[in-house]
Amino acid sequence: MSGTRDVWRSPERRGVLAGIAAMAAIVAASNVLVQYPVGDFLTWGAFTYPFAFLATDLVNRRYGPEAARRVVYVGFALAVALSVWLATPRIAVASGAAFLTAQLLDVAVFDKLRAGSWWRAPLVSSTLGSAVDTALFFWLAFSAGGAFVGPVEDWAVGAAPLMGFGPDAPFWVSLALGDFGVKLAIALAALGPYRALTAPAR
């Protein structure tokens, strides 16, 4: 048997499969919910997608970066397939590209910081991953520059005061800023369950 950990052996297999199932459910739900605004600058997807980083970080902490990347790759394939069925093609492409880029960044940053304070790796990796995910997803999904992916939605590219009081900007920019703010708040809140679920294994 090679020195490389076989992530498909029990109990790793159960953990990785649970991570894949959670990831697919989170991303598929988020791709649908991101199409429905909440108030002026948020969508329902902003409240569900950040938990994808929690799922990745939990697998990374318990089983290592190789297992976490398996969750990302398989979860990505399942999520895109479900998104094509549940959402528009443009949302599916934007979600897939942003998901893969941001989640792999999260895995790499988490692994670099895993030896530090317990909160540092999940908070820093989730924050950086969320920033990349938000910028890439909203640009591809809603901006005029991402029109090569699919039709442009007039409501998304129309000019409006930034966050309701700033200079005029395409409305999708305000949505992106609101989304990122929620992701940061959830990244902080998720430290509680992350600590509770990982402390016994330390």
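Going by the structure above, here's the rest.
The rules behind these values
- Residues numbered from 1 in each chain as written.
- Predicted model: local features only at pLDDT ≥ 70, side-chain atom pairs only at ≥ 80, totals over all residues.
- Heavy atoms only, no water.
- Helix = DSSP H or I, 4+ residues; strand = E, 2+ residues; numbered from the N terminus.
- Salt bridge = Lys/Arg side-chain N within 4 Å of Asp/Glu carboxyl O.
- Buried < 20%, exposed > 50% of the residue type's maximum accessible area, 1.4 Å probe, protein only.
- Core = buried A, V, L, I, M, F, W, Y, C linked by side-chain atoms within 4.5 Å.
- Contact = heavy atoms within 4.5 Å.

Draft legend 1. Local environment of unusual backbone geometry. A positive phi angle, near 55°, is found at Met 163, a position not held by glycine. Its location among the elements puts Met 163 in the loop between strand 3 (159-161) and strand 4 (168-170).

Draft legend 2. Main features of the pattern of salt bridges. Summed over all chains, the structure comprises four salt bridges. Here Arg 114 makes a salt bridge to Asp 111, at a shortest N to O gap of 2.8 Å. Asp 111 gets classed as partly exposed once you look at its relative accessible area, which sits at 30%. What emerges from the salt-bridge pattern is a single network uniting Asp 133, Asp 179 and Lys 183.

Draft legend 3. Just the nonpolar core, in detail. Among the nonpolar cores identified, the biggest contains 19 residues, and Met 23, Val 27, Tyr 49, Val 59, Val 71 and Phe 99 are the most heavily contacted of them. Of all the secondary-structure elements, those providing two or more residues to this core are helix 1 (12-33), helix 2 (51-63), helix 3 (65-86) and helix 4 (89-113). When sequence neighbours within four positions are dropped, the list of residues in contact with Met 23 reads Ala 52, Ala 55, Thr 56, Val 71, Gly 75, Phe 99 and Gln 103. Judged by nonpolar contacts, the second largest core, of 17 residues, contains Phe 41, Ala 94, Phe 137 and Phe 142.

Read these as spatial facts, not as claims about activity.
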